[in-house]
Amino acid sequence: MYFDELDLSDDILDALDSMNFSQCTPIQEKAIPPILEGHDVMGIAQTGTGKTAAYLLPVLDELSSGYYPHDAVNCIIMSPTRELAQQIDQQVQGFGYYIDGVSSVAVYGGNDGARFDQERKGLEMGADIIIATPGRLISHLNGGHIDLTRVSFFILDEADRMLDMGFYDDIIKIAKHLGNNHQTILFSATMPNEIQKLAHTLLHDPVEIKIAVSKPAEKIKQTAFVCYDGMKDKIAFKILDDKSLDRVILFASSKQKVKELARSMKMKGLNVGAMHSDLEQKERDKIMYEFKNRRISILIATDIVSRGIDIDDIQLVVNYDVPRDPEDYVHRIGRTARANRDGQAITLVNEKDWRYLLKIEHLIEKEIEKPELPEGCGEKPAIQGAHHGKHRGGKHRHGKKNADAPNKNNTSKKDAQKSNNAKKKHKSTNNA
């Protein structure tokens, strides 16, 4: 489906045209119509499927209609991390480029007092769209800097990641500040029990959309080195000490391990940077800037960068630790082989991690190759069950790309317009 087949304004379509986006991704095709029709929506789709655009496009379209108050916060978008909040804010600017009078403010922790005061002024002036991390928004609520009673759109992006980070109670607290007349939109990459509980609490009769978890791109060469835990550092250094590699992300499961690895790799002469939650925002911005601009060749990170970071030319992803959730493996290695490029993913697997690797193989329905260890790193151990063999896993504006990074039901245009006008009239009455 093409974007101009949806009930989106010319201003939105012009912005999409200027970005060379014409064709919807599956989550956009299924989510945009019910959001425009005023339904609560719960979408399950992994990172990289274009779900940010799936909620931003209809919300921006609605806010540009003139039916929403100019002196109120009209939309709250919750984000698990500062990096994703910044990225969403950038996409608001892109998609809303031709729209007059729709403003946005990103609020997130880890900044100095001057930034907090700047955020406070923006909130008190009543920005249309607030993109916020939960903790920072709670701080502004406690300070009386923001009124959420007239919010029309409450959006939770990467809700599963927010719950993983312990934000469940904060989200519920924020939701209690909302008025009764709002539309709730929840997007998550996975559907654990806590997400179902959250959705049951916050959403009313939602339209549920589930896009199947994508398998890793075929162009990713996946391998796993089976080893003892004490061999991991040597193997990791052997892999990374390759002068042809200048775009690598190594994932570790704890910030302490990230710090240790960054320190030891620097001592060995590798050009590395570390990304974890203990860093101040300015430090994180600097490291990401240097990595994107090739001043850092190897980024050692926690899962803080496994989602929502858009870098297309990563050559190699190394999993120093096997992720406990197999879908996190798909997110991690999905940083490479983007934009139709080749890529490589290497996972280090010790005895304790073996069962998690089996879960990954079951999810992706493929056995990951397990070669001998790199030369000079010893021999791989004989882990019980670690054998080779077949895995049993159970007016068209035709452009060039899908909006995957910013990327209707089949009713007639007249019927859709009548429905949309009726909805806007109803919202106008409620907001009067």
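Residues numbered from 1 in each chain as written. Predicted model: local features only at pLDDT ≥ 70, side-chain atom pairs only at ≥ 80, totals over all residues. Heavy atoms only, no water.

Enquirer: Would you explain the nonpolar core in this entry?
Expert: Among the nonpolar cores identified, the biggest contains 42 residues, and Phe-3, Tyr-55 and Ile-77 are the most heavily contacted of them. Listing elements by their share of this core, those giving two or more residues are α1 (10–18), α2 (26–36), α3 (51–63), β3 (75–78), α4 (82–95), β5 (129–132), β6 (153–156) and β7 (183–188). Of the residues forming this core, the biggest block, eight residues, is contributed by α3. Grouped together as the second largest cluster of nonpolar side chains are 35 residues, Val-107, Tyr-168, Ile-174 and Leu-186 included. (Core = buried A, V, L, I, M, F, W, Y, C linked by side-chain atoms within 4.5 Å. Buried < 20%, exposed > 50% of the residue type's maximum accessible area, 1.4 Å probe, protein only. Helix = DSSP H or I, 4+ residues; strand = E, 2+ residues; numbered from the N terminus.)

Enquirer: Is there a simple way to explain the side chain of Asp-157 in this structure?
Expert: As for its position among the elements, Asp-157 is in the loop between β6 and α7 (159–164). Apart from the residues lying within four places of it in its own chain, the contact partners of Asp-157 are Lys-51, Thr-52, Tyr-55, Met-78, Ser-79, Pro-80, Leu-84, Ile-88, Met-162 and Phe-187. (Contact = heavy atoms within 4.5 Å.)

Enquirer: Would you mind showing me how to read the sheet that holds strand β8 (residues 207–210) here?
Expert: Picture the strands of a sheet paired through backbone hydrogen bonds; they go either parallel or antiparallel. Ordered in space as β4-β5-β3-β6-β7-β2-β8, the seven strands form an open sheet in which the pairing is parallel. Two strands close off the open sheet at either side, each with one partner strand: β4 (104–107) and β8. Averaged over all pairs of adjacent strands, the angle between their axes in this sheet comes to 10°, without regard to strand direction. By the bridge criterion, four bridges tie β4 to β5 in an arrangement that is parallel. Bridge pairing links Ala-106 to Ile-131 in β5. (Pairing = 2+ DSSP bridges. Axes fitted to C-alpha atoms, helices over the stretch in contact; angles between N-to-C directions.)

Enquirer: For this particular structure, what's the right way to read α2?
Expert: Each turn of an α-helix holds 3.6 residues, which means side chains three or four residues apart point in the same direction. Most of α2 sits inside the fold, with eight of its eleven residues counted as buried. Residues of α2 that are buried include every one of Ile-27, Gln-28, Ala-31, Ile-32, Pro-33, Pro-34, Ile-35 and Leu-36, and no others. Trailing α2 by a residue or two, Gly-38 shows a phi angle of about 95°, which is positive.

Enquirer: Is there a simple way to explain the sheet that holds strand β11 (residues 272–275) in this structure?
Expert: The six strands lie next to each other as β9-β14-β13-β10-β12-β11, forming an open sheet whose pairing is parallel. Since the sheet does not close on itself, it has two edges, and those belong to β9 (220–226) and β11, each with one partner. Pairwise comparison of adjacent strand axes, ignoring direction, gives a mean angle of 20° for this sheet. Strand direction decides the pairing type here: β9 and strand β14 (residues 343–349), joined by seven bridges, are parallel. Bridge pairing in β14 links Val-226 to Val-349.

Enquirer: When you look at unusual backbone geometry in this model, what are you seeing that I'm missing?
Expert: One non-glycine residue, Asp-205, lies in positive phi territory at about 45°. With respect to the secondary-structure elements, Asp-205 resides in the loop between α9 (193–202) and β8. Positive phi outside glycine occurs at Arg-294, with the angle close to 65°. If you trace the backbone, Arg-294 turns up in the loop between α12 (281–292) and β12 (298–301).

Enquirer: In this structure, what is going on with the environment of Glu-208? I would like to understand it.
Expert: Here Glu-208 is to be found in strand β8. Under the relative-accessibility criterion, Glu-208 is labelled exposed at 58%.

Enquirer: Whenever I open this one, the pairing of β14 confuses me. Can you help?
Expert: Each regular strand shows side chains that alternate between the opposite faces of the sheet. Of all seven residues making up β14, six are buried, and the element is well covered by its neighbours. As judged from the four bridges shared by strand β13 (residues 316–319) and β14, these two strands associate in the parallel manner. Across the sheet, residue Val-317 finds its bridge partner in β14, namely Ala-345.

Enquirer: What exactly am I supposed to notice about the pairing of strand β10 (residues 248–251) here?
Expert: In β10, alternate side chains face the same way, and those of Val-248 and Leu-250 on one face and Ile-249 and Phe-251 on the other are all buried. Pairing between β10 and β12: four bridges, direction parallel. Within the sheet, the bridge partner assigned to Val-248 lies in β12 and is Ile-298. Where β10 and β13 come together, four bridges link them in parallel fashion. Looking at β13, one finds that Ile-249 is bridged to Val-317.

Enquirer: Explain helix α11 (residues 255–267) to me, please; I cannot follow it from the model alone.
Expert: Here α11 contains 13 residues, and its C-alpha end-to-end distance of 19 Å stays within 8% of the 18 Å for a straight helix at 1.5 Å per residue. Restricting attention to buried positions, one finds in α11 the residues Val-258, Leu-261, Ala-262 and Met-265. Projected down its long axis, α11 shows its buried positions confined to an angular sector of 100°, all on one face. Those residues of α11 hidden inside the fold are in contact with α10 (232–240), β10, β11 and β12. Backbone geometry just downstream of α11 places Gly-269 in the positive-phi region, at approximately 90°. (Expected span 1.5 Å × (residues − 1). Arc of directions from axis to C-beta.)

Enquirer: Honestly, the environment of Val-41 in this entry has me stumped. Any pointers?
Expert: Within the secondary structure layout, Val-41 lies in strand β2 (residues 41–44). On the basis of relative accessible area, Val-41 is assigned to the buried category, the value being 0%. For the pair Val-41 and Leu-186, spaced 145 residues apart in sequence, the C-alpha to C-alpha distance is 6.3 Å. In this structure, Val-41 is in contact with Pro-34, Ile-35, Thr-184, Ile-185, Leu-186, Leu-203, Pro-206, Val-207 and Ile-209, ignoring residues within four places of it in sequence.

Enquirer: Looking at this structure, I do not really get the packing of aromatic side chains. What am I missing?
Expert: For any pair of aromatic rings, the description rests on two quantities: the centre-to-centre distance and the angle between the ring planes. Applying the stated criterion to the full structure yields three aromatic pairs. Consider the rings of Tyr-68 and Phe-153, whose centres lie 5.7 Å apart with planes at 45°: the pair is tilted. Of this pair, Tyr-68 sits in the loop between α3 and β3 while Phe-153 sits in strand β6, placing them 85 residues apart in sequence. Exposure remark for Tyr-68: the relative accessible area of 5% places this residue in the buried category. On the numbers, 5.1 Å between centres and 85° between planes, the contact of Tyr-97 with Tyr-98 is edge-to-face. For Tyr-97, a relative accessible area of 63% gives the class exposed. For Lys-232, the ring lying beneath its charged end belongs to Tyr-320, and the centroid distance is 5.3 Å. (Phe/Tyr/Trp six-rings, centres within 6.5 Å; stacked < 30°, edge-to-face > 60°. Lys NZ or Arg CZ within 6 Å of the ring centre and 35° of its normal.)

Enquirer: Would you take a moment to explain the confidence of the model for the protein for this structure?
Expert: One rule of thumb: low pLDDT means the predicted coordinates there are not for detailed reading. Taken as a whole, the protein shows an average pLDDT of 84; of its residues, 85% reach a score of 70 or greater. The weakest mean pLDDT in the protein belongs to helix α15 (residues 413–431) at 45; the strongest belongs to β6 at 98. Counting contacts from residues 387–401, a segment whose pLDDT is below 50, to residues more than four positions away or on other chains yields 36 contacts. Per-residue pLDDT stays below 50 along residues 404–432; that stretch engages in 53 contacts with residues further than four places along the chain or on separate chains. (pLDDT = per-residue confidence, 0-100.)

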